[in-house]
Amino acid sequence: MKIYLANPRGFCAGVDRAIQIVVLALKKYGAPVYVRHEIVHNRYVVEGLQNLGAVFIEELHEIPLEHRTAPVVFSAHGVPKSVPADAASRNLFYLDATCPLVSKVHKQALRHQRHGRHVLLIGHAGHPEVIGTMGQLPEGAVTLIETVDDVSKFNPHDPSALGFVSQTTLSVEDTAHLIEALQERFPLLQAPAAESICYATTNRQEAVKAAAPGADLFLIVGAPNSSNSRRLVEVAERAGARMSLLVQRAADIPWDGIADISLLGLSAGASAPEILVDEIIAGFRERFEVRLELAITAEETEDFPVMRVLRDVELTAQDMAFVNGTA
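Residues numbered from 1 in each chain as written. Predicted model: local features only at pLDDT ≥ 70, side-chain atom pairs only at ≥ 80, totals over all residues. Heavy atoms only, no water.

Within the secondary structure layout, histidine 37 lies in the loop between β2 (33–36) and α2 (43–52). For the pair histidine 37 and valine 55, spaced 18 residues apart in sequence, the C-alpha to C-alpha distance is 9.7 Å. When sequence neighbours within four positions are dropped, the list of residues in contact with histidine 37 reads Phe56, Ile57, Glu58 and Glu59. Polar contacts involving the side chain of histidine 37 include one to the main-chain carbonyl oxygen of glutamate 58, which spans 3.1 Å. (Helix = DSSP H or I, 4+ residues; strand = E, 2+ residues; numbered from the N terminus. Contact = heavy atoms within 4.5 Å. Polar contact = N/O pair within 3.5 Å; in protein donor to acceptor, adjacent residues only side chain to side chain.)

This part covers helix α3 (residues 82–89). Those residues of α3 that fall on the buried side of the exposure criterion are Val83, Pro84 and Ala87. Viewed end-on, α3 has its buried residues packed into an arc of 95 degrees, placing them on one side of the element. Check the buried side of α3 and you find it contacts β2, β4 (72–74) and β5 (94–96). At the C-terminal side of α3, asparagine 91 shows a positive phi close to 60 degrees. (Buried < 20%, exposed > 50% of the residue type's maximum accessible area, 1.4 Å probe, protein only. Arc of directions from axis to C-beta.)

Time to look at the pairing of strand β10 (residues 244–247). Relative to β10, strand β9 (residues 217–221) runs parallel, the two sharing 4 bridges. Bridging from a neighbouring strand, phenylalanine 218 pairs with serine 244 of β10. (Pairing = 2+ DSSP bridges.)

Tallied over the full model, the rule gives 1 cavity of 30 Å³ or more. Taken as a whole, the largest cavity encloses approximately 280 Å³ of empty space. For the largest cavity, the lining is made up of 24 residues, of which Val15, His77, Thr168, Thr169 and Asn228 are closest to its centre. Sorting the residues of the lining of the largest cavity by element identifies α1 (13–29), α4 (100–114), α8 (199–211) and α9 (227–238) as the ones contributing at least two each. Considering each element in turn, the lining of the largest cavity owes the most residues, 3 residues, to α8. Split into classes, the residues belonging to the lining of the largest cavity amount to 12 nonpolar, 11 polar and 1 charged. (1 Å grid on protein atoms, 1.4 Å probe; cavity = no way out; pocket = protein on both sides within 12 Å on 5 of 7 lines; lining within 4 Å. Points joined across faces, edges and corners; volume = space filled by probe spheres on them. Nonpolar A, V, L, I, M, F, W, Y, C, P; charged D, E, K, R; others polar.)

This part is about the sheet that holds strand β8 (residues 162–166). Read across the open sheet, the 3 strands follow the order β7-β6-β8; overall the sheet is parallel. This sheet does not close on itself; its edge strands, each paired only once, are β7 (142–145) and β8. Averaged over neighbouring strand pairs, the angle between their axes works out to 25 degrees when direction is ignored. As paired elements, strand β6 (residues 118–122) and β8 share 5 bridges and run parallel to each other. Each residue of the ladder has a partner; that of histidine 118, found in β8, is leucine 162. Contacts from α4 reach β6 and β8, with the element oriented near 175 degrees to β8. Here helix α7 (residues 172–185) sits on the sheet in contact with β6, β7 and β8, set at roughly 150 degrees to β6. (Axes fitted to C-alpha atoms, helices over the stretch in contact; angles between N-to-C directions.)

A few words now on the layout of surface pockets. When its volume is computed, the largest pocket comes out at roughly 390 Å³. Every residue lining the largest pocket is counted, 21 residues in all, and those nearest its centre are Arg9, Phe11, Cys12, Arg204 and Glu300. Among the secondary structure elements, those contributing two or more residues to the lining of the largest pocket are α1 and α8. Considered class by class, the residues forming the lining of the largest pocket number 8 nonpolar, 5 polar and 8 charged. Of all the elements in the fold, those that place two or more residues in the lining of the second largest pocket are α1, α2 and α11 (317–323).

Without other data, these values stay purely geometric and don't point to any function.
As structure tokens, this is what we get:
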């Protein structure tokens, strides 16, 4: 069996930074460190942080009174403005791990509003990033666009005062399709000052496109609630893979049904650690004679620093292996 391994894959700089913030906070302040929502969408990462002393909550009121001095970390997906305001009202010490590229989308949406535009957000309802972006502006100032049907149904008060932004983890093709439909209906629609879809999403999709043609099966390592991972499954099938599956671990692979596979594509979403990719490759090596080839389409050098208050903490080699997804 030939395994065509897409590169870039796995952790992006924003995910790396978010995990590092939780680990650094644990090292500096001790356990518990509370984390509002999953820091990133990956069960392996969440359970690993829980083992280190992180406590995951859905809302800030869940923090016990006796732990109100413990740090609370906001996830990489971003939060509405109401969340840090709530934290301040409770006198909580919070660390915002929002990915800088998500923060950039927040700023773009606010820029549209400052210019008197109603904001159209291309994204998926209920996703934490969409909730966070919509929560940057007053209620009614943002309209979510998920489908072409949403475009046709949208009737703005002033068609000449519209601007759009996008969820960072969408498929480039799907977003382009919606933007085209919006621009056709609203010719004066203003684009954001910079591309909303992040470099990591684009790079992982391009690598999957390069590895997918002719693949009997393409596996994407990622969580079911990971938007960028689900988009990679779609990209693989559109790019020529006969079938594509989203799996979290080697145990999720339907081993009994893949005996006839000769070409396997393999990649991982931006919140999936490399150790899970290694686990899957090991599973194939146990069952097949495997030859690995790389589909390299970009080199990523981005590095997002953590906030100043945590920069005096040193991480061990073992800590860094966990942060980087290799342990």
